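Summary of the model geometry
Spelled out from the first residue to the last, the chains are:
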Amino acid sequence: DTGVSQDPRHKITKRGQNVTFRCDPISEHNRLYWYRQTLGQGPEFLTYFQNEAQLEKSRLLSDRFSAERPKGSFSTLEIQRTEQGDSAMYLCASSSLKGSYGYTFGSGTRLTVV
Amino acid sequence: TQLLEQSPQFLSIQEGENLTVYCNSSSVFSSLQWYRQEPGEGPVLLVTVVTGGEVKKLKRLTFQFGDARKDSSLHITAAQPGDTGLYLCAPQNSGGSNYKLTFGKGTLLTVNP
C-alpha cells in the first residue's frame, strides 16, 4: 500500500465553478477525514467517515460542500460555486479503529480560486 | 471548547542549536500526538503520548507529556536543516470524540545551515 493518495495535487478554478477532489485512503483503514488548511494555520476538521457513513460535519462545511464515500473506499469532496475564500489546502487522512489512532495524511490538494 | 496554544509560532535557528516548542491547553487529554508538516505536503505523525509524565525519544527528538496531561513539549537536540517544518500538536479526548483530532496552529521551525 502506497499510503493515502489525493488527486489532483493542484487545482486552479474560476470563481463560481464547481470542483471535485478525490481521496484514496489506506485500504484497511475504516476511518477517513477531510481537513482544510490555510496559510499560517493548522488543519481544520471538515468531515469524517467511518466506512461509508458520514458521521460528523463541521460548521465550516457550508451547503456548497458535499463529501461522499461510496462503498467505504475512496472519498470525494465537492465544492459548488467556489468562492475566493475556498482557496486552501484540502487534506485527506485515514486511520484504523485500532492502534494508536494516528492519522496518515495524503499530500493534499491545493485549491486556488481566481 | 478547548483552547490549544502552540509556542513559539515561529522559530529560526542555526544548525546545531537545541530548541523546545510547547503545546498548552486548558483541558485534560487522554493522549496527544505530534506531527511534522513540510511545505506542500500533509502532516506526518511523529509520536503519540498517552501517560501523564511520559517521555518518548525519537532520535534527536524528545517528547514529553505533562503530568496533568494538559500540555506537552518537543525538544530537538542539535537541529539540522532537515528538521525544518511546521510542528503540530493534536490532543485527543476520551469519550465520543476520540476519533477527531483538533490541531494547534503549529510552530514553524526553520533550521539554517
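Summary of the structure given here. (Residues numbered from 1 in each chain as written. Chains lettered and ligands numbered in written order. Predicted model: local features only at pLDDT ≥ 70, side-chain atom pairs only at ≥ 80, totals over all residues. Heavy atoms only, no water.)

1. Re the overall build of chain A
Quick reminder of the rule: Counting from the N terminus, the helices are DSSP H or I runs at least four residues long and the strands are E runs at least two residues long. By definition in these notes, contact holds between two residues if any of their heavy atoms fall within 4.5 Å. Note on areas: Shrake-Rupley with a 1.4 Å probe; residue coverage comes only from the protein chains shown.
A count of helical and extended segments in chain A gives zero helices and 11 strands. For chain A, the α and β elements follow one another from N to C terminus as β-β-β-β-β-β-β-β-β-β-β. Along the first, second and third principal axes, the C-alpha set of chain A runs to 40 × 25 × 20 Å. For chain A, long-range pairs separated by at least 24 residues make up 54% of all intrachain contacts whose partners lie at least 6 apart in sequence. When the accessible surface of chain A is totalled, it reaches about 5,800 Å², and 45% of it is carbon and sulfur.

2. Considerations on the packing of aromatic side chains
Spelled out, the test is: For Phe, Tyr and Trp, rings pair up if their centres lie within 6.5 Å, where Trp contributes its six-membered ring, and each pair is then called stacked (planes under 30 degrees apart), edge-to-face (over 60) or tilted (otherwise). Geometrically, a charge over a ring is one whose NZ (Lys) or CZ (Arg) sits within 6 Å of the ring centre while staying within 35 degrees of the ring normal.
Using the criterion set out here, one finds 12 aromatic pairs over all chains in the structure. Relative to Tyr48 of chain A, the ring of Tyr33 of chain A lies with its centre 5.3 Å away and its plane at 20°, an arrangement referred to as stacked. With Tyr33 of chain A in strand S4 (residues 31-37) and Tyr48 of chain A in strand S5 (residues 44-50), the pair connects residues that are 15 residues apart, well separated along the chain. What links up through ring pairs into an aromatic cluster is the set Tyr33, Tyr35, Phe45, Tyr48, Tyr103 and Phe105 of chain A together with Tyr35 and Phe103 of chain B. Directly above the aromatic system of Phe74 of chain A lies the positively charged group of Arg22 of chain A, at a separation of 3.9 Å from the ring centroid.

3. Details of the pattern of salt bridges
Two side chains bearing opposite charge may form a pair once their charged atoms approach each other closely. Under the convention used in this document: Salt bridges are counted wherever a side-chain nitrogen of Lys or Arg sits within 4 Å of a carboxyl oxygen of Asp or Glu. Classification of residues uses two cut-offs on accessible area relative to the type maximum, computed with a 1.4 Å probe and protein chains only: under 20% is buried, over 50% is exposed, and between them is partly exposed.
For the coordinates displayed, the defined rule picks out six salt bridges over all chains. The shortest N-O distance in the salt bridge between Arg9 of chain A and Glu41 of chain B comes to 3.6 Å. Of this pair, Arg9 of chain A sits in the loop between strand S1 (5-7) and strand S2 (10-13) while Glu41 of chain B sits in the loop between strand S4 (31-37) and strand S5 (44-49), placing the two residues on different chains. For Arg9 of chain A, a relative accessible area of 34% gives the class partly exposed. The network of salt bridges with shared partners includes Arg64, Glu83 and Asp86 of chain A.

4. A look at the sheet that holds strand S9 (residues 85-92) of chain B
Strand pairing in a sheet takes place through backbone hydrogen bonds and is either antiparallel or parallel in direction. All names here are of chain B. To keep it simple, the criterion reads: Strand pairing requires that DSSP identify at least two bridges connecting the strands. Interaxial angles span 0 to 180 degrees and are taken between N-to-C directions of axes, which are lines fitted to C-alpha atoms, for helices over the stretch in contact.
Sheet architecture is open: five strands sit in the order S2-S10-S9-S4-S5, paired in mixed fashion. The open sheet terminates on both sides in strands that have one partner only, identified here as strand S2 (10-14) and S5. For this sheet the average axis-to-axis angle between neighbouring strands, irrespective of direction, equals 20°. Of the strand pairs in this sheet, S2 and strand S10 (residues 107-112) are connected by five bridges, and their pairing is parallel. Along S10, the bridge assignment pairs Ile13 with Val111.

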